[in-house]
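# Commentary on secondary and tertiary structure
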Amino acid sequence: VEKTNCAVIFCGGRGSRLGLIGKKKSKSLLFVNNKPIIHHIINQILKTKINKIILPLGFKGNDIKNYVKSAFKKNISKFIFVSTGIDTEISERIIKIKKHLLPGGSTIFINGDTIFNFNLKSFFKSHSINKKKISLATFSPKIDLGFVKVRNKQPEEFKKSIFISKFNIKKNNFLAYSGLMIIDTKYLQNFQFNTKTDFELEMYNKCIKSKRVNIFLIKKGICFPIDNVKNLNYANNSIVL
């Protein structure tokens, strides 16, 4: 059975939607529950048998590198830091780290602004059992702006921060992408990236059409992307890791 043996944490982008906070500090170093987001991510990875953790560095890259070297001294041999440039597209970052990926098996990619505590091993197992080229971790999306419950054309109740799974959708079922994906390393190595397009849209849809994508639904645990101040405040006030 091929195993997920390598992890890549995307932590090189700017936090443009975080305003002044994002200009001063990398999103990955923002604090949630008194620890930087990247600290929580690495802790979850270290609970698995991942042999290598690659960090493609960009904006405030040295700050991330220095923090990880200091906070994870005991496991520092597992880390590889690759300077991939500021304002570099994700597809270009992947191209620049390809040579560091472990041969065989698969690689998990994680957005550096996402906190989670669901069981990664169950995600790895799902990928292995389903034998697809790509596995996407998903969860029931949350509607932050809220919605109005209507009965007999009259408003009955207003709710916020509600998960779509809590009410019925007649035509389609929607799942939110968590920012965590597993890709067979050989497939990734051979994939021809078009650096002018969004690699996720290109790669995922291409695989979906050929029925090579596995969907993993996170049923237990937390998975919460933080890309704006509102989400950061919500995470610090309402989420316990």
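Criteria and thresholds
- Residues numbered from 1 in each chain as written.
- Predicted model: local features only at pLDDT ≥ 70, side-chain atom pairs only at ≥ 80, totals over all residues.
- Heavy atoms only, no water.
- Core = buried A, V, L, I, M, F, W, Y, C linked by side-chain atoms within 4.5 Å.
- Buried < 20%, exposed > 50% of the residue type's maximum accessible area, 1.4 Å probe, protein only.
- Helix = DSSP H or I, 4+ residues; strand = E, 2+ residues; numbered from the N terminus.
- Contact = heavy atoms within 4.5 Å.
- Pairing = 2+ DSSP bridges.
- Axes fitted to C-alpha atoms, helices over the stretch in contact; angles between N-to-C directions.
- Patch = residues over 30% accessible without salt bridge, like charges linked within 9 Å, V, L, I, M, F, W, Y side chains within 5 Å.
- Areas by Shrake-Rupley, 256 points an atom, 1.4 Å probe, with all protein chains shown as cover.
- Salt bridge = Lys/Arg side-chain N within 4 Å of Asp/Glu carboxyl O.

## Comments concerning the nonpolar core
Within the largest apolar cluster, 40 residues are counted, with the highest numbers of intra-cluster contacts made by Ile38, Ile45, Leu55, Ile108, Phe118 and Leu180. Among the elements that make up this core, the one with the highest residue count is helix α2 (residues 37–46) (five residues). Non-local contacts of Ile108, meaning those with residues more than four positions away in its chain, are made with Thr4, Cys6, Ala7, Val8, Ile50, Leu120, Phe123, Phe124, Leu180, Met181 and Ile182. Formed by 22 residues, the second largest nonpolar core is a distinct cluster that contains Val82, Ile97, Met203 and Val213.

## As for the environment of Met203
Its place among the elements puts Met203 in helix α7 (residues 199–209). Counting along the chain gives 28 residues from Met203 to Leu175, while the straight-line C-alpha distance between them is 18 Å. Beyond its immediate sequence surroundings of up to four residues, Met203 is in contact with Ile134, Ile183, Tyr187, Leu188, Phe191 and Phe193.

## Things to note about the pairing of strand β8 (residues 134–139)
Counting buried positions over the six residues of β8 gives six, a clear majority of the element. Burial along β8 is two-sided: the residues Ile134, Leu136 and Thr138 and Ser135, Ala137 and Phe139 are all buried. Sheet topology places β8 next to strand β13 (residues 176–184); five bridges connect them, and they run antiparallel. Residue Ser135 lies in a different strand from β13, and its bridge partner there is Ile182. As paired strands, β8 and strand β14 (residues 213–217) are joined by five bridges and run parallel to one another.

## So, the sheet that holds strand β5 (residues 79–83)
As summarised here, the arrangement of the seven strands in space is β5-β4-β1-β6-β13-β8-β14, forming an open sheet in which the pairing is mixed. The outermost strands of the open sheet, each flanked by one partner alone, are β5 and β14. Adjacent strand axes in the sheet meet at a mean angle of 25°, parallel and antiparallel pairs treated alike. Inspection of the sheet shows strand β6 (residues 106–111) paired to β13 by five bridges, in the antiparallel sense. The partner of Ile108 across the bridge, within β13, is Ile182. Set on the sheet, helix α5 (residues 120–130) makes contact with β1 (4–10), β6, β8, β13 and β14; between it and β13 the angle comes to about 55°.

## Details of a nonpolar patch on the surface
Among the surface-exposed residues, Val148, Val150 and Phe158 lie close enough to one another that they form a single nonpolar patch of about 290 Å² accessible area. Within the secondary structure, Val148 sits in strand β10 (residues 147–151).

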